[in-house]
Amino acid sequence: MNVKRFVAPTLEEAAKDIRKQLGKDAVILHVKEVMTGGLFGFFGKKQVQVTAGIDGPSHRNSNVSREGDDKQSPLLKEANRHLQQLGVSNRVLKNLQLTAQMAEKQGDARTKEELLMHTFRASLQLQPFAQKRQQTLIVAGPTGVGKTTTIAKLAAKAMFEENKTVSFITFDTYRIAAVEQLKTYAHILDCPIYTAYNEAELIDLCSRQTADLVLVDTAGRNYLHEQMPVELINYIRQSASCHLLVALSLAAKAEDARHMLSRFPKELVNGLILTKLDETASLGTLCELLYSEAIPVACVTTGQNVPEDICWPDKEQLLKWLTGGV
Ligand SMILES: Nc1nc2c(ncn2[C@@H]2O[C@H](COP(=O)(O)OP(=O)(O)OP(=O)(O)O)[C@@H](O)[C@H]2O)c(=O)[nH]1
Ligand SMILES: [Mg+2]
């Protein structure tokens, strides 16, 4: 067996190193916390030290990996089953399982939920979404994902719970019905609505708004084939109060959602609107996105009812959902 020792600041980083150097069949043999650096035992940095090994090529067959599975504790097996059922891509699954293996060796998880909690905490990038008193939110994303409905929910919350003034701009002029849909919400909420027919008009309208919250509805596009207009990208880049939120359905396949997100300039996306939580039984897409991207979750929608079906989960709530809690 080829055995190596890895030292990293976090379990996640150790897992990455192990997989890079030893491959996906690596087995964790020992995990402990160590202090590195410092002077005379002071000011050291807490690190994770992991000993991992891999059988030689002649032994790397299915029997060996099955034997490895049999050696797993019941707790790890249960956690692995949960991770498998999430429906994440193979790459993410392997990394999560490796992290779970390390978390288990660290020995402070007694239940499946605790072990999963350690695993997700070590692996996911959970950033808080920064709310500002005054901001323009441009909502973009694939067709039918729930952009317009979510905008209505966001407007209602801002008006009735936060006492903010709201205005709408629709940049979705491809279909008459789309403009009418937002107009109906504007009418019910009694807030102004403006229509932009091209990027220049949109930018002009955005820069002239005085409401606390300006919500911009964009046309659903097939982002697998099209890209955001360059003028709009430049405007968002230059404006301090204008933010881009990308709406993605949690019911979409994990890899499709990630691919869709990759069509937007990464540094431009300030937050994710994750829709249709009610339409999926597994949270693989949520897990995949939080694993791969350091983009805050702005809100999650949970049904068709306006304005009720929306929530603003914090880090702990996201972790609870992923470990199977509510
Ligand atoms: N189940 C469920 N349905 C939702 C949710 N959010 C929106 N919808 C429904 O999804 C459908 C499309 O919603 P829209 O808000 O029109 O979606 P859109 O992204 O604006 O669509 P386009 O403008 O055509 O790209 C509607 O029937 C909504 O009621 C949600 O969280 N759960
Ligand atoms: Mg729409």
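Residues numbered from 1 in each chain as written. Chains lettered and ligands numbered in written order. Predicted model: local features only at pLDDT ≥ 70, side-chain atom pairs only at ≥ 80, totals over all residues. Heavy atoms only, no water.

Regarding a negative patch on the surface
On the surface, Glu78, Asp108, Glu113 and Glu114 cluster together into a patch of negative charge. Its location among the elements puts Glu78 in helix 3 (residues 74-86). (Patch = residues over 30% accessible without salt bridge, like charges linked within 9 Å, V, L, I, M, F, W, Y side chains within 5 Å. Areas by Shrake-Rupley, 256 points an atom, 1.4 Å probe, with all protein chains shown as cover. Salt bridge = Lys/Arg side-chain N within 4 Å of Asp/Glu carboxyl O. Lys, Arg positive; Asp, Glu negative; His and termini not counted. Charge placed at Lys NZ, Arg CZ, Asp CG, Glu CD. Helix = DSSP H or I, 4+ residues; strand = E, 2+ residues; numbered from the N terminus.)

Some details on the sheet that holds strand 8 (residues 242-249)
Pairing within the open sheet is mixed, and its eight strands lie in the order 6-5-7-4-8-9-10-11. Of all the strands in the sheet, just strand 6 (193-195) and strand 11 (310-311) have a single pairing partner and so form its edges. Packing against the sheet, helix 10 (residues 254-261) makes contact with strand 8 and strand 9 (269-275), and its axis sits at approximately 160 degrees to strand 8. (Pairing = 2+ DSSP bridges. Contact = heavy atoms within 4.5 Å. Axes fitted to C-alpha atoms, helices over the stretch in contact; angles between N-to-C directions.)

Let's talk about the side chain of Gln47
Position of Gln47 among the secondary structure elements: in strand 3 (residues 45-54). Overall, the relative accessible area of 11% leaves Gln47 in the buried class. In this structure, Gln47 is in contact with Val7, Ala8, Pro9, Lys32, Glu33, Val34 and Thr36, ignoring residues within four places of it in sequence. (Buried < 20%, exposed > 50% of the residue type's maximum accessible area, 1.4 Å probe, protein only.)

A short note on helix 4 (residues 90-106)
The end-to-end C-alpha separation of helix 4 is 24 Å, in line with the 24 Å expected for 17 residues at 1.5 Å each. Considered for burial, the residues of helix 4 that qualify are Val92, Leu93, Asn95, Leu96, Gln97, Leu98, Thr99, Ala100, Gln101, Met102 and Ala103. Considering only its buried residues, helix 4 is in contact with helix 1 (11-22), strand 2 (27-36), strand 3, helix 3, helix 5 (112-123) and helix 11 (284-292). Once helix 4 finishes, Gly107 follows within two positions and takes phi at roughly 85 degrees, a positive value. (Expected span 1.5 Å × (residues − 1).)

Notes on unusual backbone geometry
Each neighbour pair has its own omega, and for Val306 with Pro307 the value is 5 degrees, a cis peptide bond. By secondary structure assignment, the location of Pro307 is in the loop between strand 10 (297-301) and strand 11. Unusually for a residue other than glycine, Asp190 sits at a positive phi of about 60 degrees. Taking relative accessible area as the criterion, Asp190 reaches 68% and is therefore assigned exposed. At Lys276, a position not held by glycine, the phi torsion is positive, near 65 degrees. Looking at the secondary structure, you find Lys276 in the loop between strand 9 and helix 11. For Lys276, a relative accessible area of 25% translates into the label partly exposed.

A look at the site of ligand 1
The local shell around ligand 1 holds 18 residues, among which Lys147, Thr148, Thr149, Asp278 and Thr301 are the closest. In the model, an oxygen atom of ligand 1 is placed 3.1 Å from a nitrogen or oxygen of the Val145 main chain. Contacts to ligand 1 include Asp278, whose side-chain N or O atom sits 2.7 Å from a nitrogen atom. Here ligand 1, which alone exposes 660 Å², has 84% of that area covered by the protein. (Near = heavy atom within 4 Å. Polar contact = N/O pair within 3.5 Å; in protein donor to acceptor, adjacent residues only side chain to side chain.)

Focus: the state of the cysteines
Under the definition given, this model contains zero disulfides. Take Cys242: it sits in no disulfide, and the sulfur closest to it among the cysteines is that of Cys206, at 5.3 Å. For Cys242, a relative accessible area of 2% gives the class buried. A disulfide-free cysteine, Cys311 has its sulfur positioned 8.1 Å from the sulfur of Cys299, the nearest such atom. (Disulfide = S-S within 2.5 Å.)

Things to note about the side chain of Thr149
In this structure, Thr149 sits in helix 6 (residues 147-160). Among the residues examined, Thr149 registers a relative accessible area of 19% and is labelled buried. Not counting chain neighbours up to four residues away, the residues in contact with Thr149 comprise Gln181, Tyr185, Gln304 and Val306.

Some words on the environment of Lys24
Position of Lys24 relative to the elements: it lies in the loop between helix 1 and strand 2. Spatially, the C-alpha atoms of Lys24 and Ser292 are 18 Å apart, while their sequence positions differ by 268 residues. Here Lys24 is in contact with Arg19 and Lys94, once residues within four sequence places are set aside.

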